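# Notes for the structure review
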Amino acid sequence: MEGIDPADVARLREAGLAAFTAAADADALEEARVAHLGRKAPLGALQKGLGALDADARRAAGALLNELRAELTAAHEDRRVALEGAELAARLAAERLDLTGPARRPRPGRPHLLTQVEAEIVDVFAGLGFAVADGPEVEAGRYNFDLLNIPPDHPARGTMDTIYVDEAADVVLRTHTSPVQVRTMLAAPPPLAVVCPGRVYRADAVDATHSPVFTQVEGLLVAQDVTMAHLRGTLLAFARAMFGPDREVRLRPSFFPFTEPSAEVDVSTEDGGWLEVLGAGMVDPAVLTACGIDPDRWSGFAFGIGVERVAMLRHGVRDIRDLFDGDARFLAAF
Ligand code: PHE
């Protein structure tokens, strides 16, 4: 053989340069590199064939092919650098942050009004020395009713008010947090002072003042020589902490199965009226006895506060449903 055809070299040059220029991304460029500069590329085959040439022809053809390889290698490198730069520019553009755009104001959350009021009520009693006690919302009828002196034929036991989880097993959704007080008395000897915050359930139809689920903070104090004066003073402290320092309380005779005597407790309003706020009374000796406490040695008072009612009275909420709807405008108001 006497040499290689310069026209072949020119074709390879053109094809290689065109392929590198046309490569639109790194993958296409690599494919072009393998096709035009790889070991199995036509250029490689020509270079391998140099050994069969005469010495002079080999020198001339070798120089030509080396020059072509150098030129294509440089073109590949140029294209690689260009593609890399374009890719970086595209990424920078995509990730650009416009620091001059208007800031989005954070809208921090906050505890729900009911949660706030419940915590405030608990705080008032914690300040008076009451501990906080907790109990299950799914409760045994024995704790919700029997030990609280609510006999089986009492109207509150009917399905009208009570939501039964398992009627045969006498398992209910607690209708008040009084069963937590029962559990407290059964668990430890007096003296005892606890408040029991939590959700309670009753089979009530929903209207502006009724919800089948609502929140209570009930309280119990059992000690020696506890009188109604202690109850009154405790509730007066509560009324003034929650509604204002000039408030008075008024106890009206009432009835609860677990207290004797029992009272509805009113709090005075700024314009000389009275608002019914809660129920209370002296723990019935039968309840103390049922809970293992000797009523000849110990006496106690109990009260039950409806958190929704306190929240509504204090903040002028007219419909209890507003407390449960989750309307963002209502939530943001407190
Ligand atoms: N347990 C009563 C209720 O839920 C409230 C209450 C508690 C009344 C303690 C008197 C004493 O209605």
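In short, a report on the structure. (Residues numbered from 1 in each chain as written. Predicted model: local features only at pLDDT ≥ 70, side-chain atom pairs only at ≥ 80, totals over all residues. Heavy atoms only, no water.)

## Description of the side chain of Thr-269
Heads up, the rule is: Secondary structure elements are taken from DSSP: a helix is a run of H or I of four residues or more, a strand is a run of E of two residues or more, and numbering for both begins at the N terminus. N or O atoms closer than or at 3.5 Å make up a polar contact, with two conditions inside protein: a donor-capable atom paired with an acceptor-capable one, and, for residues adjacent in sequence, both atoms drawn from side chains. Should any heavy atoms of two residues lie within 4.5 Å, those residues are considered in contact.
By the secondary structure assignment, Thr-269 is in the loop between strand 8 (259–268) and strand 9 (274–283). A polar atom in the side chain of Thr-269 sits 2.7 Å from the side chain of Asp-271. Among the polar contacts listed, one links the side chain of Thr-269 to the backbone nitrogen of Gly-273, at a separation of 2.8 Å. Setting aside residues up to four positions removed in sequence, Thr-269 forms contacts with Arg-247, Trp-274 and Leu-275.

## Observations concerning the site of the ligand
In plain terms, the rule: The cutoff for a nearby residue is simple: one of its non-hydrogen atoms must lie within 4 Å of the molecule or strand. With residues, only the protein chains shown are counted as cover, and all accessible areas are computed by Shrake-Rupley using a 1.4 Å probe. Throughout this entry, Asp, Glu, Lys and Arg are counted as charged residues, while Ala, Val, Leu, Ile, Met, Phe, Trp, Tyr, Cys and Pro are counted as nonpolar. The remaining residues, Gly among them, count as polar.
As a matter of local geometry, the ligand sits amid 13 residues, with His-176, Ser-178, Arg-202, Gln-216 and Glu-218 nearest to it. Within the side chain of Ser-178, one N or O atom sits 3.1 Å away from a nitrogen atom of the ligand. Between the ligand and the protein, one listed contact pairs a nitrogen atom with a side-chain N or O atom of Glu-218 at 2.7 Å. The protein chains hide 89% of the 320 Å² of surface that the ligand would expose on its own. Only strand 6 (213–223), strand 9 and strand 10 (299–306) provide two or more residues apiece to the shell around the ligand. By residue number, the principal contributor to the shell around the ligand is strand 10, which donates three residues. Within the shell around the ligand, the residues separate by chemical class into five nonpolar, six polar and two charged.

## A word on the sheet that holds strand 6
Pairing between the strands of a sheet comes from backbone hydrogen bonds, and it takes one of two forms, parallel or antiparallel. Which entries qualify depends on this criterion: Two strands qualify as a pair provided DSSP detects at least 2 bridges between them. Helix axes are fitted only over the stretch in contact, all axes being lines through C-alpha atoms; the angle between N-to-C directions runs from 0 to 180 degrees.
Strand order in this open sheet of seven strands is 1-5-6-10-9-8-7, and the pairing throughout is mixed. Each having just a single partner strand, strand 1 (131–132) and strand 7 (249–256) make up the two edges of the open sheet. Alignment of strand 6 against strand 10, held across eight bridges, turns out to be antiparallel. By the bridge assignment for strand 10, Glu-218 is matched with Gly-304. Contacts between helix 7 (residues 178–187) and the sheet are confined to strand 5 (192–201), strand 6 and strand 10, with strand 6 contributing the most and set at about 30 degrees to the helix.

## Quick word on the pairing of strand 6
Note on strand geometry: in a regular strand, side chains alternate between the two faces of the sheet. Going by this rule: Type-normalised accessible area, obtained with a 1.4 Å probe on protein chains alone, sets the label of each residue: buried when under 20%, exposed when over 50%, and partly exposed for intermediate values.
Most of strand 6 sits out of view: 10 of its 11 residues are buried. Summarising the sheet, strand 5 and strand 6 pair through 10 bridges and their orientation is antiparallel. Counterpart to Ala-193 in the pairing with strand 6 is Leu-221.

## Thoughts on the nonpolar core
As a reminder, the rule being used: Side-chain atoms within 4.5 Å link the members of a nonpolar core, which is a set of buried Ala, Val, Leu, Ile, Met, Phe, Trp, Tyr and Cys residues.
By size, the foremost hydrophobic cluster in this structure holds 38 residues, and its most contacted members are Ile-121, Phe-238, Leu-278, Phe-303 and Val-310. In contact with Val-310, other than residues within four places in its own chain, are Val-117, Ile-121, Phe-238, Met-242, Phe-243, Val-277 and Ile-305. Within the second largest apolar cluster, 22 residues are counted, among which are Val-172, Leu-192, Val-194 and Val-283.

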